[in-house]
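Structural overview
Chain by chain, the residues run as shown.
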Amino acid sequence: MELNLSAAAPQAADLIKDVSEATFMADVVEASQTVPVIVDFWAPWCGPCKTLGPMLEDAVRAAKGAVKMAKVNVDEAQNIAGQLQIQSIPTVYAFYKGQPVDGFQGALPASEVTAFVERVIKAGGGESPSDTLNDAVVAADEMLAEGAFEDAAQTFQAILEEDPAHAGAYGGLVRTHIAKGDLDHAEAVLNGAPVEISKSPELEAAHAQLELARQAANAGPVDEYRAAVEANADDHQARFDLAQALHAHGDTEGAVAELLELFRRDREWNEGAAKAQLFTIFDALKANDPVVLNGRRKLSSMIFV
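Quick caveat, the model's predicted, so the values are computed rather than measured. (Residues numbered from 1 in each chain as written. Predicted model: local features only at pLDDT ≥ 70, side-chain atom pairs only at ≥ 80, totals over all residues. Heavy atoms only, no water.)

Considering the layout of surface pockets
Approximately 630 Å³ is the volume attributed to the largest pocket. In this structure, the largest pocket is lined by 26 residues; those nearest its centre are Asp141, Arg175, Glu202, Ala205 and Lys286. Breaking the lining of the largest pocket down by element, the ones donating at least two residues are helix 6 (129–145), helix 8 (167–179), helix 10 (201–217) and helix 14 (273–284). Counted by class, the lining of the largest pocket contains twelve nonpolar, eight polar and six charged residues. (1 Å grid on protein atoms, 1.4 Å probe; cavity = no way out; pocket = protein on both sides within 12 Å on 5 of 7 lines; lining within 4 Å. Points joined across faces, edges and corners; volume = space filled by probe spheres on them. Helix = DSSP H or I, 4+ residues; strand = E, 2+ residues; numbered from the N terminus. Nonpolar A, V, L, I, M, F, W, Y, C, P; charged D, E, K, R; others polar.)

Set out below in structure tokens:
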């Protein structure tokens, strides 16, 4: 399955223009009737402008037509700067339907510039590239849940071609390989993720899911471990093994219950293995999962008793 996440992108010259006083009305006020226009007020002697301008241009190009940009040299457009009360530069205004709808002064880090551009796109009723990619992740997750592993993998890969540091797509690709039983490939994908997203919740969850999948591959029979625990409630290794076996067979709630009981009996056993295993299970699930919420609450009550 091939997924085309982007339509033909407009030419850069159509997206980013140098605008003078003579063309301001056409390239900003009139153009903003159909799509938001971000106006960057700058000057050649302004140091921060040289950093901010390229970041704005990159964010506008990435939006692929959902927003446009006009660059106004205030030294050559003093009348416009005066009318808009530009008192310092860089100053950035966003116009929609001929009116300013957002703006800021001074330089910003790249992440805040991107957030500003996405805000402007939404103010104009558009959809930002990150929204589109996030929607694609949701669709791929549905494919994965339905067992369409190849379609899910291709979709996650297509998202990563658009955004090589999309944590949701990386995590999804790891989960897809786990679901297929290809744990070595899953680990390779996880290890190849860009460093800037390596600590993201999506990658942390994928790491926990991979660890649990490796445990499941070596899990023993539930009945045998349960019998050992029933024969000796203080057989901590048997209880820990029972928890792993229960999780491997899909009984996450039962696994958490056994680990909580082990923690209650001896929280320091095997260098705190029960608590560590609980956190691995919690990390692998969604934060609002009832098993996580109940498990964390019970664990906290034991820790702070």
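What about the nonpolar core?
Judged by nonpolar contacts, the single largest core of 28 residues is most densely connected at Val256 and Leu278. Elements with a minimum of two residues in this core: helix 10, helix 11 (222–231), helix 12 (236–248), helix 13 (252–265), helix 14 and helix 15 (290–303). The next biggest cluster of nonpolar side chains, apart from the first, holds 27 residues, and it includes Met143, Leu144, Ala169 and Val174. (Core = buried A, V, L, I, M, F, W, Y, C linked by side-chain atoms within 4.5 Å. Buried < 20%, exposed > 50% of the residue type's maximum accessible area, 1.4 Å probe, protein only.)

Section: the pattern of salt bridges
Overall, the coordinates contain 15 salt bridges when judged by the stated rule. Residue Asp58 pairs with Arg61 through a salt bridge whose shortest N-O separation is 3.3 Å. Residue Asp58 and its partner Arg61 are located together in helix 3 (residues 47–62), separated by three residues, close to a single helical turn. Residue Asp58 is classed as partly exposed on the basis of its relative accessible area, which comes to 49%. Of the residues examined, Arg61 reaches a relative accessible area of 37% and is grouped as partly exposed. Asp283 is the partner of Arg296 in a salt bridge, and the nearest nitrogen-oxygen pair spans 4.0 Å. Taken together, the residues span a long stretch of sequence, with Arg296 in helix 15 and Asp283 in helix 14 at a distance of 13 residues. One network of salt bridges, in which partners are shared, links Glu57, Asp58, Arg61 and Lys71. (Salt bridge = Lys/Arg side-chain N within 4 Å of Asp/Glu carboxyl O.)

Considerations on the sheet that holds strand 3 (residues 68–73)
With respect to topology, five strands assemble into an open sheet ordered 1-3-2-4-5, the strand pairing being mixed. Looking at the sheet topology across the chains shown, the edges are occupied by strand 1 (16–18) and strand 5 (99–105). Averaged over all adjacent pairs, the angle separating strand axes in this sheet is 20°, with direction ignored. Two strands pair when backbone bridges link them, and strand 4 (residues 91–96) and strand 5 are joined in this way by six bridges, in the antiparallel orientation. Paired with Tyr93 across the two strands is Gly103, which belongs to strand 5. In this fold helix 5 (residues 110–123) packs onto strand 2 (37–42), strand 4 and strand 5, with an angle of close to 170° to the strand it touches most, strand 5. (Pairing = 2+ DSSP bridges. Axes fitted to C-alpha atoms, helices over the stretch in contact; angles between N-to-C directions. Contact = heavy atoms within 4.5 Å.)

Describing the packing of helix 8 against helix 9 (residues 183–191)
Contact geometry for helix 8 and helix 9: axes closest at 7 Å, N-to-C directions at 165°. Compared by their axis directions, helix 8 and helix 9 come out roughly antiparallel. Where helix 8 crosses over helix 9, the two elements pack in a sense that is left-handed. Between helix 8 and helix 9, the contacting residues are Tyr170, Leu173, Val174, His177 and Ile178 on the first element and Leu183, His185, Ala186, Val189 and Leu190 on the second. A class-by-class count of the residues in the contact of helix 8 with helix 9 yields eight nonpolar, two polar and no charged. (Parallel < 35°, antiparallel > 145°, perpendicular 65-115°, else oblique. Left-handed = near helix turned anticlockwise from the far one by under 90°.)

Things to note about the state of the cysteines
With the rule as written, the count across this model stands at one disulfide. A sulfur-sulfur separation of 2.3 Å characterises the disulfide bridge that pairs Cys46 with Cys49. Here the disulfide of Cys46 and Cys49 is right-handed, its torsion about the S-S bond being about 85°. Cys49 carries the same exposure label as Cys46, and that label is buried. (Disulfide = S-S within 2.5 Å.)

Brief notes about the packing of aromatic side chains
With the rule as written, the count across this model stands at five aromatic pairs. Ring centres of Phe24 and Phe95 lie 6.1 Å apart, and the angle between their planes is 85°; on these two criteria the pair is classed as edge-to-face. Here Phe95 lies in strand 4 and Phe24 lies in helix 2 (residues 24–30), a separation of 71 residues in the sequence. Given a relative accessible area of 9%, Phe24 falls into the buried group. Relative accessible area serves as the criterion here: at 3%, Phe95 is assigned to the buried category. Arranged with centres 6.4 Å apart and planes meeting at 65°, the rings of Phe279 and Phe282 form a pair that is edge-to-face. (Phe/Tyr/Trp six-rings, centres within 6.5 Å; stacked < 30°, edge-to-face > 60°.)

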